Amino acid sequence: MSAVVAEHDDHHDHSHDDHAHGPEKGLLRWIITTNHKDIGTLYLVFALAMFFVGGIMAMVIRAELFEPGMQFVNPQFFNSMTTMHALVMVFGAVMPGFVGLANWMVPMMIGAPDMALPRMNNMSFWVLVAGVLLLASTLFMEGGAPASGWTLYPPLVLQTGKALPFAIFSVHLLGISSIMGAINIIATIFNMRAPGMTLMKMPLFVWTWLITAFLLIAVMPVFAGAVTMLLTDRFFGTSFFDAAGGGDPVLYQHIFWFFGHPEVYIMILPTFGVASTIIPVFARKPLFGYSSMVYATASIAFLSFIVWAHHMFTVGMPMAGELYFMYATMLIAIPTGVKVFNWTATMWKGAMTFETPMLFAISFVVLFTLGGFTGLMMSIAPSDFQYHDTYFIVAHFHYTLVPASVFILMAAGYFWLPKWTGHMYNEKIGQLHFWLSAVSVNILFFPQHFLGLAGMPRRIPDYAVQFADWNMISSIGGFLFGASQLLFLYIVIDTIRGGTGEKVTDEVWEDAHKHSLEWTLPSPAPYHTFTTPPEVIPTEHF
Amino acid sequence: MNKVKQLFVALGLIVGAIKTAQADYSLNLIKGVTKVSNDVYDLHMLILWICVFIGIGVFGTMFYSIYHHRKSKGHVAAQFHENTTVEIIWTIIPTLILVGMAIPATKTLLELDDVQNSDMSIKVTGWQWKWEYEYVDTGVHFFSNLDEASNKARQLGSGIDPRSVPNYLLNVDKPLVIPTKKKIRFLFTAADVLHSWWVPDLGWKKDAIPGFINEAWTYVENPGTYRGQCTELCGKDHGFMPIVVIAMEQPEYDAWVKKELADAKKGADLSDQSPADLIAKGEQIYAKNCSTCHLPDGKGVPGAFPAISGSAVVNGDINAQANLVLNGKGAMPAFGKMLKADELAQVITYTRNALGNKVGDAIQPKAIQELLPKSSAPAKPAADKPKAEAAPIADMSKDDLVALGKTVYGSNCVSCHQAEGQGNPPMFPALKDSKVVNGDINAQIDLVLNGKAMMPGFGHSLKADEFAAVITFTRNSLGNAKNDMVQPATIQKLQAALPAEDDDE
C-alpha cells in the first residue's frame, strides 16, 4: 500500500493523492477493503451485532430461569441456548471486538501506515463471518444446535444431531480466522513500528495484543485438533474419547482446557491493555510500573499454559496432579495482583476526571478484582469440590468477562469513538449507560454467587424452589442490563451521525497526546495515516 | 405484663419472619454434615476473609484516591511512575499469603482423598437421566429416578406450581440409604455420558465417567436426609436427576437391607395378564422410563430420539421390538437390565396399543423372561436347578439333541457367533471349521462350561440337556460334521462338580 502511495507521490501533489486513494464507493468498499480502519470498523460492528445476538440468547436463559418450573422452552433448547450464548459471545463478540480494536489502534499507536498483511486481514474477517454464520445455522438443523456446553465434552457432544459436523467446521473456520489475525498483528508489531518506537516504548495495549497473538497461535490449533478428534470419533470409527475402544473421555478435557485456559486469557489480556491505556489519561499521570505491567502480562500468559486442569479437579486426577494444578493456579494471583496494584497506584495522587471511559475502566478494576478473588477461592482444590459446576463459577467467569472484557470494550468505544468519527458522544447518555450497566450487572451476577454456594448446579433449565428468589433477582438484573445496552447502540449510532455536534480536537482528551500516538493525528483519523512515520514518540512513562 | 408479652410475641414473629426469609435468601456455602464438609467450609471461610481483607485494602485505597485526587477538587497530578521497593513488597506479601493458604488446603485435600479402611462400598452409575446404586457388599441394587410429582410439575406448561410440590426437583422415587457412623466408599462410573454426583452436605462432588471408576468417601455422623443433583451437563434432562441420601442408624439400616433383599428375591410376576391390564400398567412404566426421550405423547425428538407413534419397529414384529427394548441400540439403553419381565411386557404392549399405534397384540411376561439372558433373570428360580434335577436324565438321540441344540443356540450363542456360526472375528471366533468345535469334545465342553475371555461360562445358566444339545448341535451343524455327541447325563455330572455360583452376582 505504501509503495503505491509513494509511486503516486511522484506524479501528484499531496492533497490530490489523498482524494484518489480514498475508500471505494458503496457496498463494495466494505467487502474488498484492505484498509486497517475499515476492517477494524467491520470487526467492531460485527462484534456489536453478535453481542446482541448472544445477548438475546442470554435473555432466553434468564427468562426461563425467572421462576421455577418450565415456562418457555424445552430443556434441550435451553441447553442449546447456554451453548450458543457462550460460543457466540466468546468467538463472535469479545474476540472480534478486541481484534477490531487491534486493527484500528495498533498501526496508529506504533506509527505504522496499515497492518503488515492487509489482504489477509480482509480474509480473516470474512472467514470469521462465515464461521459464525455456519455456527448460527445449526440452530435450524434437525436435532437442534449443539447443546453440550461450549466445552463440547464427549461423549455428550457426540449425541448432537445433524449439527455436529457443521459446528466442528465452524470452529475450524473461527480458528483459521483467529490465527490469520494473530499472525498479522505479530507481523505488524515486529516489522512496522516507527523509528524510535522500541518495544519497551510501545503502549501497553500493543504489548498485551502482541502476547495475546502468540497465545492464539499456540492454542487455536489445539482446539481444532480436539474437535477434529470428535469428528473422527463420530464419523470415522476412531475411539479417542471412547473407553470401549481404548480411549478416554477425560483426554478431551485435558486437550480442551489446554486450549481453554489460554483462551480465557486471550479475552482478558487486551482488556488489561485498554485499561492501562485509559486510566493514565484520565488520572493525568503516567502509568505506574510500565515494565512490571509488561512482565506481569507475560507471566500470566506463561502461567495460562500450565494450569489447565484446575477446570477438572473433580475428574479423579492423581493426588500429585491435584496438588500441582492447585499450587500453579494460586500463582496466577501474584502477577494479577501486581496489575491491580499498579492501576491503583496510577490513580493515586492523579488529577482524576470521570468521563464515561474512565468510569467503565474503574468499574472494570473493581469488578474484575472481585472475579479474581472468586478465582483464587476456586483454585483451592478441596473447596472447588463444592464450587465446581455450580452458579458460583458462573458468577466468577461472568465477573471476569462482562464487567471486565465487555465493560472495557465499551470503555474503548467511548474513548476512541471521537477519534474514529470526529464527533463527540453524548456524555450525559454515556454516564447514564454506565450507571445502568454497572448497577444492573451486579444485580445480575452477584446473587449467582449465593445460588452456587447454596447448591444450585449450572446449566440446569429449572431448579428447586429454594433457589427461586435469587434467580428472580438475577433475571431482573439481566433484563435491565440487556435493555441498558440498547443505550450503547443508540450512542454509537448517534455519535457516528454527528453526536453532540461539538468539534473534537486532535487529542480529544486533555494531554492525551503525551500518552500515545493516535492523539497526534487529526480527528477523525484520515483514511490513510502515518504514510510517513511520526518524528516524536510519546511513551507510557513520558 | 401484657404489653411485655405482646412485645415478646412481636419480637418472636419478627425473628421468625427473618428466619423464613433467610431460608430463601441463603448466602453462604453449605456447612454440611461430615467432618470433611466442615473442613472444606472452614477453608472456604478462611480464603473468603483473606479476600475481603485484601479487597478492603485495595478498594479503600482506590476510593480514597477517587475522592481526594480529583481534578474538580483542584488536585494536581503527581508524575511518579515507578517505585521498585513498593513493587517488590506487593509481590512478596501476596506470595506469603498464598503459602499460608496452600498449607490448610493441602491438608484437607489429602484427607478427602483417603478412601482406605472403608466399612462398605457403594457403586454409583450415572445414566441419562437417573442414578443406579449397587451395594457391593450386600448385593442390594436399584435405580433412582426423579419422583413422579416433580416430574409431572416440571413438564413445559404443566400448569402445576412447583411450590406446591414437596422438595421439587430434589426428590427421588427410591433414595440411597446409608448407615451412620460408617466409612462408606463410593465407586463412580457412568453408562452413557459424563455425570457428576454431588450432595453438598457431604462436602464434595465426583465425576462419573463411562469406562472409568472414580472413588470418594463419606462418614455421616447423624441420621438425616441429604439432597443433591447431577452437576455435569449430561443432556436434556441434566437438571432432572436428583440425588437423595438417607442416613440411618445401623439397626434401621440393617432392617432396610433385609427388606430390599427380600423384595429382590420376589422377582417378576410371570403370570399371564389381560391385554387391558398390560396396557394400563404399561402407561405408568412408559411415563417413568420412556417419556423423557420419546416424549409423553410418543412423538419423539426428530434427529435425536425416534417417535413411537407410527414407528416401524413398534408396528412391526413384536419379538423384534422386544429384543430392541431388552438389548438397546445406540442411545437407547438396554432395558432388559433395568426393568422386570412383567414391566417390560406391560410397556411393550402399551406402546403397540397406545400413542397413536393400534397393532392390537400383546406380549406376556413369560415370553419376555424367555428373551432375557438367563444369568440376569431377576429371580433365580428358587435353587431348584442343581438339586431338584439330581435324578439322571434319559439319553437322547443325536437328531433330538441337534434339534433342541438349534433352539438353545438361537437364544444363547447366536448374538456373538452369528446364525451361520460365522462369528464376528476378531472379537467372536467362528464356530464353522473351528478347531475347538472340531477337536476333542471334552475340551469343547470344558470351554463352554467355564468360559474363556469374552466367552461366558454356561455351566450354571444352561440345563444339562440344553447344554448337551447345543454342544452336539455345533459339532454336527453350522458346516461342521464331527458326527459325535454328548449325553445330558455326562453334562449333569460335570455340572454337579462345578463350584457353586456366587450369590452376590
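All figures in this text were calculated on a predicted structure; none of them were measured in a lab.

## Structural notes on the overall build of chain B
Across its full length, chain B holds 15 helices and 10 strands. Put simply, chain B has 505 residues, and 43% of those count as buried. Long-range pairs, those at least 24 residues apart, make up 65% of the contacts in chain B between residues at least 6 apart in sequence. When the accessible area of chain B is evaluated, it comes to approximately 25,600 Å², of which 60% is carbon and sulfur surface.

## Concerning the nonpolar core
Within the largest apolar cluster, 263 residues are counted, with the highest numbers of intra-cluster contacts made by Tyr 135 and Trp 197 of chain B. Structurally, this core is a two-domain feature, drawing no fewer than three residues from each of domain 1 (28-113) and domain 2 (120-261) of chain B.

## Some remarks on the domain arrangement of chain B
Interface size is commonly expressed as the accessible surface area that is lost when the partners come together. Domain parsing of chain B yields domain 1 (28-113), domain 2 (120-261), domain 3 (275-376) and domain 4 (390-504). Just the C-alpha atoms count here: the centres of domain 1 of chain B and domain 3 of chain B sit 59 Å apart.

## Quick word on the packing of helix H12 (residues 333-347) of chain A against helix H3 (residues 84-113) of chain B
Viewed as axis vectors pointing N to C, H12 of chain A and H3 of chain B meet at an angle of 140°, and their least axial separation amounts to 9 Å. With respect to their mutual orientation, H12 of chain A and H3 of chain B come out oblique. Considering how the two elements wind past one another, H12 of chain A and H3 of chain B form a crossing that is right-handed. For the pair formed by H12 of chain A and H3 of chain B, the contact residues are Ala 333, Ile 334, Val 338, Phe 341, Asn 342 and Ala 345 of chain A on the first element and Trp 90, Thr 91, Pro 94, Thr 95 and Leu 98 of chain B on the second. Within the contact of H12 of chain A with H3 of chain B, the residues separate by chemical class into eight nonpolar, three polar and no charged.

## Some thoughts on the interface of chain B and chain A
Taken together, the contact pairs 90 residues of chain B with 106 residues of chain A. Of the roughly 8,300 Å² buried between chain B and chain A on both sides combined, carbon and sulfur atoms contribute 69%. A per-residue breakdown of the area chain B buries against chain A is headed by Trp 90, Leu 109 and Leu 233 of chain B, which together make up 8% of the total. Taken together, chain B and chain A are joined by one salt bridge. Taking the shortest distance from any N to any O, the salt bridge between Lys 71 of chain B and Glu 510 of chain A comes out at 2.6 Å. If you look at where chain B meets chain A, you find 25 residue pairs in polar contact (both at pLDDT 80 or more). At the level of elements, helix H2 (35-68), H3, strand S7 (204-208) and strand S9 (224-230) of chain B are the ones that each hand at least two residues to the side of chain B that touches chain A.

## With respect to the pattern of salt bridges
Under the criterion given, the structure shown has 16 salt bridges over all chains. With its nearest N and O atoms 3.1 Å apart, the salt bridge here joins Arg 154 of chain B to Asp 237 of chain B. Placement of the pair is Arg 154 of chain B in the loop between helix H4 (148-153) and strand S4 (176-179) and Asp 237 of chain B in the loop between S9 and strand S10 (243-248), with a sequence separation of 83 residues. Take Asp 237 of chain B: its relative accessible area is 1%, and that puts it in the buried class. Here Arg 185 of chain B and Glu 215 of chain B are joined by a salt bridge, their closest N and O atoms 2.8 Å apart. In this pair, Arg 185 of chain B sits in strand S5 (residues 183-190) while Glu 215 of chain B sits in strand S8 (residues 214-219), placing the two residues 30 residues apart along the sequence. For Arg 185 of chain B, a relative accessible area of 23% gives the class partly exposed. On the basis of relative accessible area, Glu 215 of chain B is assigned to the partly exposed category, the value being 34%. By sharing partners, the salt bridges in this structure join Arg 284 and Glu 510 of chain A together with Lys 71 of chain B into a single network.

## Looking at a nonpolar patch on the surface
All names here are of chain A. On the surface, a nonpolar cluster with roughly 480 Å² of combined accessible area is contributed by Leu 27, Leu 28, Ile 31, Ile 32 and Trp 126. Per-element tally for the nonpolar patch: the top contributor is helix H3 (residues 28-32), with three residues. With respect to the helices and strands, the residue Leu 27 is situated in the loop between helix H2 (14-20) and H3. Overall, Leu 27 belongs to the exposed group, its relative accessible area being 67%.

## Regarding the sheet that holds strand S1 (residues 120-127) of chain B
Residue and element names in this part refer to chain B. A sheet is described by the order of its strands in space; here five strands give the open sequence S3-S2-S1-S5-S8, paired in mixed fashion. Sheet topology places strand S3 (141-144) and S8 at the edges, where each strand pairs with a single neighbour. Averaged over all pairs of adjacent strands, the angle between their axes in this sheet comes to 25°, without regard to strand direction. Pairing of S1 with strand S2 (residues 130-135) involves six bridges; the strand directions are antiparallel. Bridge assignment links Lys 123 to a residue of S2, and that residue is Glu 134.

The rules behind each value
- Residues numbered from 1 in each chain as written.
- Chains lettered and ligands numbered in written order.
- Predicted model: local features only at pLDDT ≥ 70, side-chain atom pairs only at ≥ 80, totals over all residues.
- Heavy atoms only, no water.
- Helix = DSSP H or I, 4+ residues; strand = E, 2+ residues; numbered from the N terminus.
- Buried < 20%, exposed > 50% of the residue type's maximum accessible area, 1.4 Å probe, protein only.
- Contact = heavy atoms within 4.5 Å.
- Areas by Shrake-Rupley, 256 points an atom, 1.4 Å probe, with all protein chains shown as cover.
- Core = buried A, V, L, I, M, F, W, Y, C linked by side-chain atoms within 4.5 Å.
- Domains from an automatic or database assignment.
- Axes fitted to C-alpha atoms, helices over the stretch in contact; angles between N-to-C directions.
- Parallel < 35°, antiparallel > 145°, perpendicular 65-115°, else oblique.
- Left-handed = near helix turned anticlockwise from the far one by under 90°.
- Nonpolar A, V, L, I, M, F, W, Y, C, P; charged D, E, K, R; others polar.
- Buried area = accessible area lost by both parts, 1.4 Å probe.
- Salt bridge = Lys/Arg side-chain N within 4 Å of Asp/Glu carboxyl O.
- Polar contact = N/O pair within 3.5 Å; in protein donor to acceptor, adjacent residues only side chain to side chain.
- Patch = residues over 30% accessible without salt bridge, like charges linked within 9 Å, V, L, I, M, F, W, Y side chains within 5 Å.
- Pairing = 2+ DSSP bridges.

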